[in-house]
Amino acid sequence: MENSISYSAIEDVQLLSWENAPKYCLQLTIPGGTVLLQAANSYLRDQWFHSLQWKKKIYKYKKVLSNPSRWEVVLKEIRTLVDMALTSPLQDDSIHQAPLEIVSKLLSENNNLTTQDHESIIVAIAPLLENNHPPPDLCEFFCKHCRERPRSMVVIEVFTPVVQRILKHNMDFGKCPRLRLFTQEYILALNELNAGMEVVKKFIHSMHGPTGQCPHPRVLPNLVAVCLAAIYSCYEEFINSRDNSPSLKEIRNGCQQQCDRKPNLPLRLLHTSPDLVSQEATLNESRLKPVIVTSNEIHVEVERNNTANQKMTANVGNDSEPNLIDCLMVSPTCSTMSIELSAQADRILGCYVEILKMLSDYDDWRPALASLLQPIPFPKEALAHEKFTKELKYVIQRFAEDPRQEVHSCLLSVRAGKDGWFQLYSPGGVACDDDGELFASMVHILMGSCYKTKKFLLSLAENKLGPCMLLALRGNQTMVEILCLMLEYNIIDNNDTQLQIISTLESTDVGKRMYEQLCDRQRELKELQRKGGPTRLTLPSKSTDADLARLLSSGSFGNLENLSLAFTNVTSACAEHLIKLPSLKQLNLWSTQFGDAGLRLLSEHLTMLQVLNLCETPVTDAGLLALSSMKSLCSLNMNSTKLSADTYEDLKAKLPNLKEVDVRYTEAW
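One structure accompanies this document, and this report is about it. (Residues numbered from 1 in each chain as written. Predicted model: local features only at pLDDT ≥ 70, side-chain atom pairs only at ≥ 80, totals over all residues. Heavy atoms only, no water.)

A few words now on the sheet that holds strand E9 (residues 562-564). Hydrogen bonding along the main chain pairs the strands of a sheet, whether they run parallel or antiparallel. One open sheet holds the six strands; their spatial order is E8-E9-E10-E11-E12-E13, and the pairing between them is parallel. Looking along the sheet, the strands with just one partner apiece sit at the ends: strand E8 (536-538) and strand E13 (660-662). Going across the sheet, the axis of each strand differs from the next one's by a mean of 5 degrees, ignoring polarity. As paired strands, strand E11 (residues 611-613) and strand E12 (residues 635-637) are joined by three bridges and run parallel to one another. Across the sheet, the residue bridging to Leu612 is Leu636, located in E12. (Pairing = 2+ DSSP bridges. Helix = DSSP H or I, 4+ residues; strand = E, 2+ residues; numbered from the N terminus. Axes fitted to C-alpha atoms, helices over the stretch in contact; angles between N-to-C directions.)

Dropping the structure here:
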């Protein structure tokens, strides 16, 4: 065989089965003669036979379907092609993909088909789609059908199992963007049915399954990816038409440098009259110079509030600090962007934000959803759109109500210097549309977890002290507790600010009561330090957090330097009592349930601790890294903990006085 034989030239393929025929041979009939192919065994011969038969038929169907004459014949050939693929004994992805690609090419080259022809072809190839993703061109055809005939029964009966398979098995929409577009259009088609969002809700429930745990790990990230892409598309025209649009930080800070920008679209400035300015001198109605930016489908109104700037200018040259309560009543220098979307974009936005709400209602999906949304993966135009942030507020509330730390910790920023949902929905944030109720709820849940630390309180004191004081003034118990903790942990250095916090606390009954309790604790602590007491103390085994609290509250322990809680049942909860022992230098927590949260609290308050035994405790790198602030540590036992080698090296570098270390039975050993 000097020349190769094309598959299209093969007229027939037969197995040699007569008596005394060569073993394991195939006979190929070609123009001008025959060719014998001998395999090594019967299995390989059969593979050759079915593969050649498959190739021969595929070339036949490609030729027939490339020049369609009558669509009745074409539809019959497509059905025969599908049956051949389903009955083939060959096990290969191309067996089902090849017919789909042939049909896809046929549809892309013939745009004059009727709707009935479309549906007949979709129904014919439906069996092949049960175990295969549709190719890109076929996805575009499906998208078109969803847009043009959303109420067609084909959408429900044929497309539903296809989309379900995509959501369950797709690993990366980045490699298959048209699969995402098809899924997106399918969900929008469901939304156009009579029941609307109820149908979408049933579909989402079917994807989760009837049990409490969804058995398909790819469903949630795929659904979120579809939602994010759909929401982005609602603002895409505005984003593309305004490459010079302000950043989120500039939106939050008021876009004071607007004159330096050169937007692509013309701006129409509406100047207010002097009489109007005098009428709007109040704090709540002081908006000046609205700027209107008009697009084909989107109208954006940017309004600035200059009252805060005027107040700040009036204080220039004045050495005294402004009263914080007065500052609370001044609106932040923040512009609000009112975006009007087209009717179609508005429907898309409403549909996919509603899906995010549905996803947040499932307990098992909420941790992963919070993690996916923690980086705030939305365009800045969406975050400045009042309707979007108002609708998304439900999802953030669900995160704030979840007691699991892995969920509500995602309210904070993903890294330092970047805003998180906590900042966006706090007073002064671009998404805040209430008087601080959601902010108070987020602070409450964060304070209830391991974030009850100086670092969190310092952040609130630096950035949100005004809103905290205003909410405390209105009787919010969480904010009253925050202000008391700031005083107790000496977060506030300025005496005037401390006096204003005290005045705020004494303005309400709940604040007055909690401030009196704080004063009583401070007096008791001073009395402990004055009376002294034992220098060493060992609790009996099996003692609990409650036992330790009762013991420490019953006597004077101002001189206690050595405390052993080894082999007791204490947990991280006892850290709140341990940090009130001012003279403590040695602490033994061997074989207790003391964890990372307690360790972080100790590291912030017991900076004079010299000896710490954490042998056989459940602490991890997350808590052990906090020990780097305890510069007085000279002996540290981390035997049988989850210490890693990297954390051990970090601790050695940051603790100069550390001389005795036990890291046996750890990764660092």
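Structure's up, so let's keep going.
Okay, the pairing of strand E3 (residues 33-38) next. In terms of strand pairing, strand E2 (residues 25-30) meets E3 through six bridges, oriented antiparallel. Across the sheet, the residue bridging to Leu28 is Val35, located in E3. Between the end of E2 and the start of E3, which pair antiparallel, lie two residues, with Gly32 showing a positive phi angle near 95 degrees.

For the structure on display, the rule yields 14 aromatic pairs. Judged by centre distance (5.3 Å) and plane angle (65 degrees), the rings of Tyr186 and Phe203 are edge-to-face. Highlighted residues: Tyr186 in helix H7 (residues 177-191) and Phe203 in helix H8 (residues 197-208), separated in sequence by 17 residues. Note on accessibility: Tyr186 and Phe203 belong to one class, buried. Taken together, the ring pairs in this structure connect Phe141, Phe142, Phe159 and Phe182 into an aromatic cluster. One Lys or Arg, Lys60, reaches over the ring of Tyr61 and ends 5.1 Å from the middle of that ring. A cation over a ring is seen here: Lys62 above Tyr59, with NZ or CZ 5.7 Å from the ring centre. (Phe/Tyr/Trp six-rings, centres within 6.5 Å; stacked < 30°, edge-to-face > 60°. Buried < 20%, exposed > 50% of the residue type's maximum accessible area, 1.4 Å probe, protein only. Lys NZ or Arg CZ within 6 Å of the ring centre and 35° of its normal.)

What follows is about the side chain of Gln184. With respect to the secondary-structure elements, Gln184 resides in helix H7. Overall, Gln184 belongs to the buried group, its relative accessible area being 6%. Residue contacts for Gln184: discarding those within four places in its chain leaves Val226, Ala229, Ala230, Ser233 and Tyr352. (Contact = heavy atoms within 4.5 Å.)

Within the largest apolar cluster, 178 residues are counted, with the highest numbers of intra-cluster contacts made by Tyr352, Phe378 and Trp421. Dropping the residues within four chain positions of it, Tyr352 is found in contact with Thr183, Gln184, Glu185, Ile187, Leu188, Val226, Cys227, Ala230 and Ile231. Core analysis: the second largest hydrophobic core is formed by eight residues, Ile10, Leu26, Ile30 and Leu52 among them. (Core = buried A, V, L, I, M, F, W, Y, C linked by side-chain atoms within 4.5 Å.)

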